[in-house]
Amino acid sequence: MNGSAAVATTVFGLAMIATIGIGLWSARGRSKGLAEWSVSSRGLGVLFIWLLMAGETYTSFSFLGTAGWSYSFGAPILYLVAYLTVGFAVAYVVGPALWTYATRHGLISIADIAEFRFRSRPVGILVAVVATVFIVPYIQVQIQGMGVVVNAMTYGGVDLKVAAVISFVVAEVFILVSGLRGSAWVSALKDLLVIVAVVFLAVYIPMHYLGGFGDFMQRMVTEKPEWLTFPGHESGGRNALWFLSTVVLNAVTITIFPTTVAGYLSAKSPNALRRNALLLPWYQLLLFVPMVVGATALFVMPTLGNPDLALFSLVTDSLPAPVVAVIGVAGALSAIVPMSVFMLSIGTLWGRTVLGGGNGADPRARRRAPGTSGDAHDMRAKRLSQLVCVIAGLIALAGSLFYPNTLVELSVLSYEGLAQLVPVVLLALFWRRLTARAAVAGMLTGLAVMTVLWATDHDPYHGVNGGIIALGANLVVLLAVVRIAPGPGPAAPSAADPAPPGESAARTAVKETG
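These numbers were taken from a predicted model, which means no experiment stands behind them.

Reading guide: rules and limits
Residues numbered from 1 in each chain as written. Predicted model: local features only at pLDDT ≥ 70, side-chain atom pairs only at ≥ 80, totals over all residues. Heavy atoms only, no water. Helix = DSSP H or I, 4+ residues; strand = E, 2+ residues; numbered from the N terminus. Buried < 20%, exposed > 50% of the residue type's maximum accessible area, 1.4 Å probe, protein only. Contact = heavy atoms within 4.5 Å. Core = buried A, V, L, I, M, F, W, Y, C linked by side-chain atoms within 4.5 Å. 1 Å grid on protein atoms, 1.4 Å probe; cavity = no way out; pocket = protein on both sides within 12 Å on 5 of 7 lines; lining within 4 Å. Points joined across faces, edges and corners; volume = space filled by probe spheres on them. Nonpolar A, V, L, I, M, F, W, Y, C, P; charged D, E, K, R; others polar. Phe/Tyr/Trp six-rings, centres within 6.5 Å; stacked < 30°, edge-to-face > 60°. Lys NZ or Arg CZ within 6 Å of the ring centre and 35° of its normal. Patch = residues over 30% accessible without salt bridge, like charges linked within 9 Å, V, L, I, M, F, W, Y side chains within 5 Å. Areas by Shrake-Rupley, 256 points an atom, 1.4 Å probe, with all protein chains shown as cover. Salt bridge = Lys/Arg side-chain N within 4 Å of Asp/Glu carboxyl O. Expected span 1.5 Å × (residues − 1).

(A) Representation of the overall build of the protein in the model. Looking only at helices and strands, the protein features 23 helices and 0 strands. Counting every position in the protein, which comprises 514 residues, the buried fraction comes to 57%. Partitioning the intrachain contacts of the protein with sequence separation of at least 6 by distance along the chain shows that 85% fall at a separation of at least 24.

Here's what the structure looks like:
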């Protein structure tokens, strides 16, 4: 190992130790129940909500995929900034509504919400299974992204597979002990490094290689105009219609992403979520930096074998090892933070709804299982959630080590698949007539349409994102079933119902949402 690799590897090792230390330290003096582990006892303020949810959106893809897409395609990568910003505008309304409903009824996940709304544990289990299928690939993407980042930042000193194992161990250690609060604290370190790194790169890379940002833009306009307009450079039909349909689909879907909902439910109040929705779009400005760096690589390394390495290839080529290491740690933590929240979300989905007895058929099940005290039942659900958290991580780790392309291919469909949960999780809270039969029929139809379009290579279909076509089919079937077989009204309260008498949490939620 040469000197640069030794320096970078040492900095990386110290950063991982610090990450575990911060995550474990965040658990001091906290309660040990499931609510604290999964949603931080609904006690996070605006700053930590911002750090947590920013950490989920600025992932290893932001360093690798964003620069890679910019290098390969150009303009289509702008969908990333667009959908996140529009999604936060939608979250301004959706977040407080979900927080109010979940707080009123003691719910902690999208499966919990669906189960309680329809008074049907099978519906909750189905939501948990579908969400898991489309989240596990995201964990693998982060693990593999971490491997690429660490291998690049250490000049090949740390093997891809070794880095994958390290990322899994680091994330599991602090998430099992500290839960969502640990992710929020680690995200504070990660965001500090990310902001410093990308602001520096925004100035340094164009200046070092092309004489400044003005010269960079001039060369893009004169030499690479195809990258600046839709459909971009050999982007596979990602034209303006694809851009608009993808922005709409992803902006709505991100509001019910299990990890996003975990962020909602960890807030102290709906007002904290509203403030967060106003602040988060500013964070997305940082995404323009890897786009610029990726485009700069077009002129510096025009024959780059792996476009995803565009950013780190320039970084390792032009900067000293200590600086490379700091930027690499920012990229590594951008994989670890979302990875930890993804694993926690899967654990929460399964720990109570699938394995822990659920709550839909009998509201008292949320507090007490037969033959156990409420506290004992809560701890059992937490232990089951932690076990599933480990299992989900191990599946993703095994995929990254032995089948690196299998689950990653599924990640392409993640947003499209999770979009089919929007009616059963969100629409159901506002529409009293929606029945479990209609919601499930629509969801299964949407999943089938999405899968067929993808399997027959018709996604996008005439330029339209296949996921939004599937969501349209979902809603058509849902409406048809409601009309043909309307059924009785919902047994469980909708979001518009008044709070049950005597529930102080409900009164608080209604007052704050007011």
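(B) Molecular detail of the nonpolar core. Formed by 158 residues in total, the largest nonpolar core has its most connected members in Tyr79, Ile139, Leu201, Tyr264, Leu421 and Val424. Of all the elements, helix H16 (residues 321-354) adds the most residues to this core, at 18 residues. In this structure, Leu201 is in contact with Pro206, Val289, Val293, Leu311, Val315, Leu319 and Ile327, ignoring residues within four places of it in sequence.

(C) Structural context of empty space enclosed by the protein. Under the criterion given, the structure shown has 3 cavities of 30 Å³ or more. Here the largest cavity defines a volume of roughly 70 Å³. Lining of the largest cavity is provided by Ser38, Ile108, Ser109, Ile110, Pro258, Val261, Ala262, Leu344, Ser345, Thr348 and Leu349. Going through the elements one at a time, helix H12 (258-265) and H16 are the ones with two or more residues in the lining of the largest cavity. If one sorts the elements of the lining of the largest cavity by residue count, H16 sits on top with 4 residues. For the lining of the largest cavity, the class distribution of residues is 7 nonpolar, 4 polar and no charged.

(D) Region of the structure containing helix H7 (residues 110-118). Extensive coverage of H7 is indicated by the burial of 9 of its 9 residues. Buried within H7 are the following residues: Ile110, Ala111, Asp112, Ile113, Ala114, Glu115, Phe116, Arg117 and Phe118. In this fold, the buried residues of H7 make contact with helix H6 (79-105), helix H8 (121-153), H12, H16, helix H20 (422-430) and helix H21 (436-455). A positive phi of about 50 degrees marks Arg119, the residue just after H7.

(E) Here's a closer look at the packing of aromatic side chains. Taken as a whole and judged by the stated rule, the model has 20 aromatic pairs. Where Tyr58 meets Phe63, the ring centres are 5.8 Å apart and the plane angle is 80 degrees; that geometry is what we call edge-to-face. With relative accessibility at 0%, the residue Tyr58 sits in the buried group. The class for Phe63 is buried, based on a relative accessible area of 1%. The structure contains a cluster of three or more aromatic residues connected by ring pairs, namely Trp69, Phe73, Tyr79, Tyr83, Tyr138, Trp242, Phe257, Phe342 and Tyr415. A cation sits over an aromatic face here: Arg238 above Trp242, 5.7 Å from the ring centre.

(F) Here's a closer look at the environment of Gly328. Tracing the chain through its elements places Gly328 in helix H16. Note on Gly328: relative accessible area 0%, which makes it buried. Taking C-alpha positions, Gly328 is 9.3 Å from Asn151, a pair spaced 177 residues apart along the chain. If we skip the residues at most four places from it in the chain, Gly328 touches Val149, Met153 and Phe312.

(G) Region of interest: a nonpolar patch on the surface. Taken together, Leu78, Trp282, Leu285 and Phe288 make up a surface patch of nonpolar side chains, about 420 Å² in accessible area. Tracing the sequence through the fold places Phe288 in helix H14 (residues 288-300). Using a relative accessible area of 36% as the deciding quantity, one classes Phe288 as partly exposed.

(H) Looking closely at the pattern of salt bridges. The full count for this structure, using the stated rule, is 4 salt bridges. We note a salt bridge from Asp112 to Arg352, for which the minimum N-O separation is 2.1 Å. Of the two residues, Asp112 sits in helix H7 while Arg352 sits in helix H16, which places them 240 residues apart along the sequence. The closest approach of N and O atoms between Glu223 and Arg219, which form a salt bridge, is 3.0 Å. Of this pair, Glu223 and Arg219 both sit in helix H10 (residues 213-223), 4 residues apart, which is roughly one turn of the helix. Accessibility expressed as a relative area gives 30% for Arg219, which makes it partly exposed.

(I) Representation of helix H1 (residues 3-25). With 23 residues, H1 extends 33 Å from end C-alpha to end C-alpha; this agrees with the ideal 33 Å at 1.5 Å per step. Those residues of H1 that fall on the buried side of the exposure criterion are Ala5, Ala8, Thr9, Phe12, Ala15, Met16, Thr19 and Gly23.

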